[in-house]
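Spelled out, the chains give:
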Amino acid sequence: MDDLIARIVGALWPLIYLTAAITLPVLLALDSQRNPMTTPCRSCRAPKPPRMYLCGNCWGALPTPARRALSRHDSKAFARLRELHRQLDADVPVAEVQVTP
Ligand SMILES: [Zn+2]
């Protein structure tokens, strides 16, 4: 009897594994749509919207010139973002971040 149960479980295991392999990514995708606050803020690690550079608190703490510069969408936008990341990674306080145009 134990052998029969072991054989049934053994035969079903690939099916269970396949079901989980298909179901889990679908559930994770549905969850990220429902709750888009999934990426951590580079400064404080609090959840932030995926398309924002920082969480609301850290964004608000940036000096106004840096915030203005980071809001511009031009050919140097990516260079400014890298400048922000470099300073945050070097533990520069958010209120002291300077982003050159
Ligand atoms: Zn933050």
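Everything here concerns the structure above.
Reading guide: rules and limits
Residues numbered from 1 in each chain as written. Predicted model: local features only at pLDDT ≥ 70, side-chain atom pairs only at ≥ 80, totals over all residues. Heavy atoms only, no water. Donors = N, O, S within 2.8 Å, 3.2 Å for Na, K, Ca; no water. Tetrahedral: all angles 85-135°; square planar, octahedral: opposite > 155°, others 65-115°. Helix = DSSP H or I, 4+ residues; strand = E, 2+ residues; numbered from the N terminus. Buried < 20%, exposed > 50% of the residue type's maximum accessible area, 1.4 Å probe, protein only. Core = buried A, V, L, I, M, F, W, Y, C linked by side-chain atoms within 4.5 Å. Contact = heavy atoms within 4.5 Å.

A. Seen up close, the coordination of the zinc ion. Around the zinc ion, the donor atoms from the protein are C41 (SG), C44 (SG), C55 (SG) and C58 (SG), and they sit 2.3 Å away. Geometry at the zinc ion is tetrahedral, judged from its four donor atoms and the angles of 103 to 115° they form at the metal. Positions of the donor residues of the zinc ion along the chain correspond to the pattern C-x2-C-x10-C-x2-C. With a gap of 14 residues between them, C41 in the loop between β1 (39–40) and β2 (47–48) and C55 in the loop between β2 and α2 (56–61) connect regions that are remote in the sequence. Each member of the pair, C41 as well as C55, carries the same accessibility label: buried.

B. Region of interest: the nonpolar core. Residues L54, C58, L62, L84, L88, V97 and V99 are the most contacted members of the largest nonpolar core, which totals 14 residues. Among the elements of the structure, α3 (64–71) and α4 (77–89) are those that each provide at least two residues to this core. Aside from chain neighbours lying at most four places away, what touches L88 is R42, S43, L54, V94 and V97.

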